[in-house]
Amino acid sequence: MNENGKKEFEEFLKWKQEKSNQTDSSNPDYQITKNVSTPPVDNAQSSGFGWKSGCGIGCLGVIILFLILAAIGGNSQKQAGNDVVDWSEASVMSEQFLKELMKYPDDVEFIKESRNVSEEGGKVFKVTGRMKANNSFGQAVPYTYNIRIKYNGGDWSSKYNWSRVGGNLYNEATQEFTEF
């Protein structure tokens, strides 16, 4: 750059400075807005919804935690409801225990009309009735049964949640009692 170019550039800078001073003093609104600072907006970090970046992951974590706790709470309420059993469930489980005692459990036939179920308290049920089971010769032998079972909690349909408290089995053909 030569001397003339430098002088022209300096004159341009002076002219620009004078021009900006005139604009600042002649327009009072410009002075007010000029002194107000607006925070810089980083478009890469703003989602447009008023959320800060990174909040999505944290909020998602809180929502997932809430859903897990709600599911656990729902299961504990269901489990509390599972601790109540009635006579029909006790009857079904008593049949499972009785079939285990027979030589041919698949051939056992329970006489439903003779069944009587009573709750003794403490989740203990007494079930009495009659059944027919095949002996070693394949003949159907009538039995009278009396069994006491206790519900220990959990899924009622699982045999492992019940325990046999006692009972007896009377073979009507041989007139023999079997205690268990």
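Reading the values: rules and limits
Residues numbered from 1 in each chain as written. Predicted model: local features only at pLDDT ≥ 70, side-chain atom pairs only at ≥ 80, totals over all residues. Heavy atoms only, no water. Pairing = 2+ DSSP bridges. Helix = DSSP H or I, 4+ residues; strand = E, 2+ residues; numbered from the N terminus. Contact = heavy atoms within 4.5 Å. Axes fitted to C-alpha atoms, helices over the stretch in contact; angles between N-to-C directions.

As judged from the nine bridges shared by strand E3 (residues 140-151) and strand E4 (residues 162-171), these two strands associate in the antiparallel manner. If you follow Ile147 over to E4, its bridge partner there is Gly167. Bridging between E4 and strand E5 (residues 176-179) involves four bridges; their strand directions are antiparallel. The residue bridging Asn171 from the neighbouring strand is Glu176, located in E5. In this antiparallel pair of consecutive strands, E4 and E5, the connection spans four residues, and Gln175 shows a positive phi of 55°.

Moving on, we get to the side chain of Ser94. On the secondary structure map, Ser94 appears in helix H4 (residues 87-101). Setting aside its immediate chain neighbours within four residues, Ser94 contacts Val127, Ile147 and Ile149.

Below, the discussion takes up the sheet that holds E4. Spatial strand order, E1-E2-E3-E4-E5: five strands in an open sheet with antiparallel pairing. The sheet is open, and its two edges are formed by strand E1 (109-121) and E5, each paired on a single side. Neighbour to neighbour, the strand axes of the sheet diverge by 20° on average, direction disregarded. Here H4 sits on the sheet in contact with E1, strand E2 (124-134), E3 and E4, set at roughly 115° to E1.

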